[in-house]
Amino acid sequence: MRHAKKAPTNWVQGSKTASRKRLYGKDLVHADGSPATADSTRPTMTTSTLGRRAVVCHVASYTAVQLGATVGITRAFGYRVTPTALLAGAAINAGTHAAIDRGAFLLWDPGELHLMQARPLAAGPELQEVYRLAA
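Below is a summary of the structure that appears in this document. (Residues numbered from 1 in each chain as written. Predicted model: local features only at pLDDT ≥ 70, side-chain atom pairs only at ≥ 80, totals over all residues. Heavy atoms only, no water.)

### Section: helix H3 (residues 47-76)
Line of reasoning, step 1. Across its 30 residues, H3 extends 43 Å between first and last C-alpha, which sits within 8% of the 44 Å expected from 1.5 Å per residue.
Line of reasoning, step 2. The set of residues buried in H3 consists of Thr 47, Ser 48, Leu 50, Gly 51, Ala 54, Val 55, His 58, Val 59, Tyr 62, Thr 63, Gln 66 and Thr 74.
Line of reasoning, step 3. Of the residues one or two after H3, Gly 78 is the one with positive phi, at around 85 degrees. (Helix = DSSP H or I, 4+ residues; strand = E, 2+ residues; numbered from the N terminus. Expected span 1.5 Å × (residues − 1). Buried < 20%, exposed > 50% of the residue type's maximum accessible area, 1.4 Å probe, protein only.)

### Considerations on helix H4 (residues 83-102)
Line of reasoning, step 1. Compared with an ideal rise of 1.5 Å per residue, which puts 20 residues at 28 Å, H4 spans 28 Å between its outermost C-alpha atoms and is within 8% of the ideal.
Line of reasoning, step 2. All buried positions along H4 are accounted for by Leu 86, Ala 90, Ala 94, His 97, Asp 101 and Arg 102. Buried residues of H4, viewed axially, fall in a sector of 110 degrees; they line one side. For H4, exposure combined with an orientation more than 90 degrees from the buried face picks out Thr 84, Ala 91 and Ile 92. (Arc of directions from axis to C-beta.)

### Here's the deal with the pattern of salt bridges
Line of reasoning, step 1. On inspection of all chains with the given rule, the structure shows 2 salt bridges.
Line of reasoning, step 2. Measuring nitrogen to oxygen at the nearest pair gives 3.1 Å for the salt bridge that ties Lys 21 to Asp 101. One end of the pair, Lys 21, is in the loop between helix H2 (15-20) and strand S1 (28-29); the other, Asp 101, is in helix H4, and 80 residues separate them in sequence.
Line of reasoning, step 3. With a relative accessible area of 11%, Lys 21 lands in the buried category.
Line of reasoning, step 4. Of the charged contacts in the structure, one is a salt bridge between Asp 32 and Arg 42, with a shortest N-O distance of 3.3 Å. One end of the pair, Asp 32, is in the loop between S1 and strand S2 (45-46); the other, Arg 42, is in the loop between S1 and S2, and 10 residues separate them in sequence. (Salt bridge = Lys/Arg side-chain N within 4 Å of Asp/Glu carboxyl O.)

What follows is the structure, given as structure tokens:
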């Protein structure tokens, strides 16, 4: 099961999405993660919004690959699973996957959210700059 989970993640999740899933904060950034300035003409969002977008993109692509694999494998072995059961399972999996990947629901100490916000990333200089500004 461990490898079955990793395959869709590795196939469809890019490094930018992976590094942005747990971004939190109120600092304004652009969609590419670069810090926004007061005179910026490009659309901006908070770092929390960028993190939520990354989770939604990742979970949607992961769920699509997993659902396709489930249909293919069950049919190859002669099983017929109803569409309702497949979609219910996919919805439950997507919801729990999003909650775990985002990370906020798993924090025991509310102060840890601040630590997650200040965590340095190895994603690139633009996101490291966002974290530097947030600290």
